[in-house]
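Remarks on the overall topology
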2 protein chains.
Amino acid sequence: MAGPDSAIDRLITLMAKLPGLGPRSARRAVLYMIRKRALLLIPLADALSEVAQTARNCVNCGNVATDDLCEICRDPRRQNGTICVVEDVADLWAMERSHVFQGRYHVLGGTLSALEDRGPDELGLPRLIQRLESEEVEEVILALNATVDGQTTAHYIADMIEDGVMVSSLAQGVPVGGELDYLDDGTITAAMLARKGV
Amino acid sequence: MAGPDSAIDRLITLMAKLPGLGPRSARRAVLYMIRKRALLLIPLADALSEVAQTARNCVNCGNVATDDLCEICRDPRRQNGTICVVEDVADLWAMERSHVFQGRYHVLGGTLSALEDRGPDELGLPRLIQRLESEEVEEVILALNATVDGQTTAHYIADMIEDGVMVSSLAQGVPVGGELDYLDDGTITAAMLARKGV
């Protein structure tokens, strides 16, 4: 737009690769940034440079972090003894937004997959087993996605964990605010089978 | 997510301010970047820093540029003698994508608006009049949006320009209420080729 070699065009091309953005919305976003130079462009450039220099995976749990240990692993107020296993950092963030869990996490970075060549080592499962001992873990909560791959992985992990550590998984049922008419049969069946007295 | 003070959270907050992105898609985009460190995160940080340092408005036409003059104003292959007046840089980019126009541009940065306190000076109209003389302009093409404000501004500019300079506007083909940035190239080309005197 400003010439194929210019930094502006390179920025548009790169922005268009982000999920949820295409060429058109990348152009719009870049123009908007340039217009909001002091409020957006410069702070964004600074934040992105800092993230590019510091972002890494927490050596303990696999969360994204700006240090060797993530904020959650460093936080002394978080309870030891309970580890919540999630597939992905996005899932960890979703859990954190609900404020319901005060323990530690373990991020797999995916599910077991023969097709994509992801075995137990790629998911950091040996490290999870180590943590069970070193952190004196009493409960492992398997918060994996309710997909076939997620549930297969959950079963594998549950089998792997020795007796003496409680293993649980998220309850399945009707989501809050959900309407039965819009739910799939599987969810209704699960909710029915797991019904409880009121 | 990684702690309220971290660069990652600041980056998410800033990304969520971009048009077309919200908190959820900003989180997704940032996680995606961190995963594609070498391919996306580092090049994007570099491009953004460079744009933050170099982006400005062309002193001649108002286009965004990484130098005092934009690539179009510097390009000796572009024809002098014809100036295409557009409301916005996004409109200039839309015109350039159609490849139909080989002259120079003048970017107003908006339309005349009493409500928003934009008069002829804010739109750089005195500079446009100067350019008509200094660049020996024979034709001014008013490629303003087919909105009420755009057409009011077009009439104002047409009245302002002295005899001896031809003034034309984009032909019918631009849908009423439509904006250049959202049009397909074919429509822009057709409208450009069928331009008529006012």
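Here the structure is a predicted model, which means the values were calculated and not measured. (Residues numbered from 1 in each chain as written. Chains lettered and ligands numbered in written order. Predicted model: local features only at pLDDT ≥ 70, side-chain atom pairs only at ≥ 80, totals over all residues. Heavy atoms only, no water.)

Focus: the layout of surface pockets
Residue and element names in this part refer to chain A.
- Considered as a void within the structure, the largest pocket measures approximately 540 Å³ in volume.
- Mapped by element, the contributors of at least two residues to the lining of the largest pocket are α5 (89-98), α7 (148-160), β6 (166-169) and α8 (185-193).
- In terms of residue count, α7 provides more of the lining of the largest pocket than any other element does, 4 residues in total. (1 Å grid on protein atoms, 1.4 Å probe; cavity = no way out; pocket = protein on both sides within 12 Å on 5 of 7 lines; lining within 4 Å. Points joined across faces, edges and corners; volume = space filled by probe spheres on them. Helix = DSSP H or I, 4+ residues; strand = E, 2+ residues; numbered from the N terminus.)

A closer look at the nonpolar core
- Membership of the largest hydrophobic core comes to 91 residues, with the highest contact counts inside it found for A:Met15, A:Leu18, A:Met33, B:Met15, B:Leu18, B:Met33 and B:Met95.
- In contact with B:Met95, not counting residues within four places along its chain, are B:Cys84, B:Val86, B:Val100, B:Phe101, B:Tyr105, B:Ala143, B:Leu180, B:Ile188 and B:Met192.
- Among the nonpolar cores identified, the runner-up in size contains 17 residues, and B:Ile83, B:Leu108, B:Leu128 and B:Ile161 belong to it. (Core = buried A, V, L, I, M, F, W, Y, C linked by side-chain atoms within 4.5 Å. Buried < 20%, exposed > 50% of the residue type's maximum accessible area, 1.4 Å probe, protein only. Contact = heavy atoms within 4.5 Å.)

With respect to the sheet that holds strand β4 (residues 104-107) of chain A
Residues and elements named next belong to chain A.
- Strand order in this open sheet of 4 strands is β4-β3-β5-β6, and the pairing throughout is parallel. Of all strands in the sheet, those with a lone pairing partner are β4 and β6, marking the two edges. The sheet shows a mean angle of 25° between the axes of neighbouring strands, direction not considered.
- Bridging between strand β5 (residues 139-142) and β6 involves 4 bridges; their strand directions are parallel. Bridge assignment links Val140 to a residue of β6, and that residue is Val167.
- Where α5 meets the sheet, its contacts fall on β3 (82-86) and β4, and the angle it forms with β4 comes to roughly 155°. (Pairing = 2+ DSSP bridges. Axes fitted to C-alpha atoms, helices over the stretch in contact; angles between N-to-C directions.)

Some words on the packing of helix α2 (residues 23-35) of chain A against helix α3 (residues 37-54) of chain A
Residue and element names in this part refer to chain A.
- The contact between α2 and α3 brings their axes to 6 Å, and the two run at 115°. Put simply, α2 runs roughly perpendicular to α3. Listed contacts from α3 to Tyr32, Met33, Ile34 and Arg35 of α2 are Arg37, Leu40, Leu41 and Leu44. (Parallel < 35°, antiparallel > 145°, perpendicular 65-115°, else oblique.)

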